[in-house]
Amino acid sequence: MRPRLIVTRQIPAAVAVRIGAEFDCPWPEGRDMDAEEMLRQLAATKADALMISSHMKFTGEVIGRIPDHVRIAATCSVGFEHMDVAAARARGLPVTNTPDVLTECTADLTLMLILTACRRAHEYDAIMRAGWRRGFGLGEMLGTRVWGKRLGIVGMGRIGQAVARRARGFGMDIRYTDQQRMRPEIEQGATFIPDLHALLPECDVLTLHAPGAPDGRPLMNADAFARLPKGAVFVNAARGVLVDEEALLAALRSGHLAAAGLDVFRNEPAFDRRFAELPNVFLTPHMASATVETRTAMGMRALDNIAAVLAGRPPIDPLWI
Ligand code: DGY
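Residues numbered from 1 in each chain as written. Predicted model: local features only at pLDDT ≥ 70, side-chain atom pairs only at ≥ 80, totals over all residues. Heavy atoms only, no water.

Chemist: Sorry if this is basic, but what is going on with helix α2 (residues 35-45) here?
Modeler: An α-helix turns once per 3.6 residues; consequently, residues spaced three or four apart project the same way. Where α2 is concerned, the buried positions are Ala-35, Glu-37, Met-38, Leu-39, Gln-41 and Leu-42. Residues of α2 that are buried in the fold lie against β1 (5-7), β2 (49-52) and α3 (60-64). Downstream of α2 by a residue or two, Lys-46 has a phi angle that is positive, lying close to 50°. (Buried < 20%, exposed > 50% of the residue type's maximum accessible area, 1.4 Å probe, protein only. Helix = DSSP H or I, 4+ residues; strand = E, 2+ residues; numbered from the N terminus. Contact = heavy atoms within 4.5 Å.)

Chemist: How should I be thinking about unusual backbone geometry in this particular structure?
Modeler: Across residues other than glycine, the phi torsion is negative in most instances, and most of the peptide bonds are trans. Cis geometry marks the peptide bond from Glu-268 to Pro-269, where omega comes out at 0°. Mapped onto the elements of the fold, Pro-269 is located in the loop between β10 (257-262) and β11 (281-283). Although it is not a glycine, Arg-120 sits at a positive phi angle of roughly 55°. Residue placement: Arg-120 occurs in the loop between α5 (103-118) and α6 (121-129). By relative accessible area, Arg-120 is classed as partly exposed at 22%. The phi torsion at Gln-188 lies on the positive side, around 50°, for a residue other than glycine.

Chemist: I would appreciate a short explanation of the domain arrangement of the chain in the present structure.
Modeler: One widely used convention gives an interface's size as the accessible area the parts lose upon coming together. Partitioning the chain into structural domains gives domain 1 (5-101 + 292-310) and domain 2 (103-283). The C-alpha centroid of domain 2 is placed 32 Å from the C-alpha centroid of domain 1. Facing six residues of domain 1, the contacting portion of domain 2 comprises six residues. Both faces combined, the contact of domain 1 with domain 2 buries some 530 Å², and carbon together with sulfur accounts for 40% of it. Looking only at domain 1, the three residues that lose the most surface to domain 2 are Glu-81, Asp-100 and Thr-294, adding up to 68% of its buried area. The residue Asp-100 makes a salt bridge to Arg-158 at a minimum N-O spacing of 3.2 Å. The interface formed by domain 1 and domain 2 contains four residue pairs in polar contact (both at pLDDT 80 or more). (Domains from an automatic or database assignment. Buried area = accessible area lost by both parts, 1.4 Å probe. Salt bridge = Lys/Arg side-chain N within 4 Å of Asp/Glu carboxyl O. Polar contact = N/O pair within 3.5 Å; in protein donor to acceptor, adjacent residues only side chain to side chain.)

Chemist: I would appreciate a short explanation of the site of the ligand in the present structure.
Modeler: Taken together, Ser-54, Ser-77, Val-78, Gly-79, Leu-102, Arg-239, His-286 and Met-298 make up the full set of residues adjacent to the ligand. Side-chain polar atom of Ser-54 to an oxygen atom of the ligand: 2.7 Å apart, as the coordinates give it. Burial of the ligand by the protein amounts to 86% of the accessible area it has alone, namely 230 Å². Grouping the constituent residues of the shell around the ligand by class yields three nonpolar, four polar and one charged. (Near = heavy atom within 4 Å. Areas by Shrake-Rupley, 256 points an atom, 1.4 Å probe, with all protein chains shown as cover. Nonpolar A, V, L, I, M, F, W, Y, C, P; charged D, E, K, R; others polar.)

Chemist: What should I look at first to understand the sheet that holds β2 in this one?
Modeler: Within a sheet, neighbouring strands are paired by backbone hydrogen bonds and run either parallel or antiparallel to one another. Spatially, the four strands line up as an open sheet ordered β1-β2-β3-β4, and their pairing is parallel. Each end of this open sheet is capped by a strand with a single partner; those strands are β1 and β4 (95-96). The sheet contact formed by β1 and β2 spans three bridges and is parallel. By the bridge assignment, Val-7 is partnered in β2 with Met-51. Helix-sheet contacts for helix α12 (residues 292-310) involve β1, β2, β3 (72-75) and β4, and the interaxial angle to β2 is about 160°. (Pairing = 2+ DSSP bridges. Axes fitted to C-alpha atoms, helices over the stretch in contact; angles between N-to-C directions.)

Chemist: Whenever I open this one, a nonpolar patch on the surface confuses me. Can you help?
Modeler: There is a patch of nonpolar side chains on the surface, built from Met-128, Trp-132 and Phe-136 and spanning about 320 Å² of accessible area. Residue placement: Met-128 occurs in helix α6. (Patch = residues over 30% accessible without salt bridge, like charges linked within 9 Å, V, L, I, M, F, W, Y side chains within 5 Å.)

Chemist: Help me out: how do you make sense of the nonpolar core in this one?
Modeler: Core analysis: the largest hydrophobic core is formed by 49 residues, its most contacted members being Leu-5, Ile-19, Met-51, Leu-151 and Ile-306. At seven residues, α5 tops the list of elements feeding residues into this core. Shared between two domains, this core takes at least three residues from each, and those domains are domain 1 (5-101 + 292-310) and domain 2 (103-283). In this structure Leu-5 touches Ile-19, Phe-23, Asp-24, Cys-25, Pro-26, Ala-49, Leu-50, Met-51, Leu-303 and Ile-306, once residues within four positions along its chain are discounted. Judged by nonpolar contacts, the second largest core, of 30 residues, contains Leu-200, Phe-225, Ala-232 and Leu-262. (Core = buried A, V, L, I, M, F, W, Y, C linked by side-chain atoms within 4.5 Å.)

Chemist: Sorry if this is basic, but what is going on with the state of the cysteines here?
Modeler: Structurally, a disulfide amounts to a covalent bond that connects the sulfur atoms of two cysteines. Evaluated as defined, the whole model comprises zero disulfides. The thiol sulfur of Cys-25 is not disulfide-bonded, and the nearest other cysteine sulfur, from Cys-76, lies at 13 Å. Summary of cysteine pairing: Cys-203 is not part of a disulfide, and the nearest cysteine sulfur, belonging to Cys-118, is at 12 Å. (Disulfide = S-S within 2.5 Å.)

Chemist: Explanation requested: the packing of α5 against helix α7 (residues 158-169) in the structure shown.
Modeler: Two packed helices can be described by the angle between their axes and the distance between those axes. Their axes nearest at 8 Å, the elements α5 and α7 cross at an angle of 50°. With respect to each other, α5 and α7 are oriented oblique. The interaxial crossing formed by α5 with α7 has right-handed handedness. Where α5 abuts α7, its residues Thr-103, Glu-104, Thr-106, Ala-107, Asp-108, Thr-110 and Leu-111 lie against Arg-158, Ile-159, Ala-162, Val-163, Arg-165, Arg-166 and Ala-167. Here the contact of α5 with α7 is composed, by residue class, of six nonpolar, three polar and five charged. (Parallel < 35°, antiparallel > 145°, perpendicular 65-115°, else oblique. Left-handed = near helix turned anticlockwise from the far one by under 90°.)

Here it is as structure tokens:
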């Protein structure tokens, strides 16, 4: 008999094909469901495994109600703030994520946000769509040059490093902060500044690549934004909870920040629509990993974790050991 699987979110076609071939799954293409529906489906199908994504709040309470026949819960995301890993561990439920496979696409989107924010892409696009009919003077509608600028990276993990590799190609001068200094072959000439508050005045562009604090405390508050130089550009493709959005809105409105590129928000999908009223903000709906290749690779990685555990092997990407 094939293992039984519940998938709580719509997934790419190739992943659905593999699920159809390897598992008994009522909706191999995935179906958006909330926690209650998921718990009902797990019990009704006597599922062996569960595949979720970051939309599912996998709290201690939910984990406590997962039936014993479920042997693994794999999230199709690198972030796992939505999962109570300690509760999963206490319950003996293996939980896994999908690191590595989305690094390059997330870095691509970060560069997109840096470029679109610096070069006023939202405003230029709006002008064209409104039927551009007046040539601009040489001093009008000017953006910020990226080449030669100082890029600050908060969090020099896999994604931060991939952003640094790309930014070097755009002639940016890189400085970063992290819990510890990277090896020289990773730094590639980037300057390590151990303290965030010391890094901020040194950045023309700042990009976040850190996980969100479980208590939701923002790294970037009014004081932190004030430490950036006037005219700096702020980019976030990491987690919305890293930012005090009132402080960001104020910094953008006052002109202290020239622009921002944002892929993530405190409330998703019900993001604060005041950001959409600002012409100097380029917005994307949490889509950093959203390419066919990467979303497929994430789904496959989640299935690899599930297959390993169901075959009695250790998970590839365990969140607890
Ligand atoms: C991730 O994989 O963590 C992305 O942010 C999608 O949630």
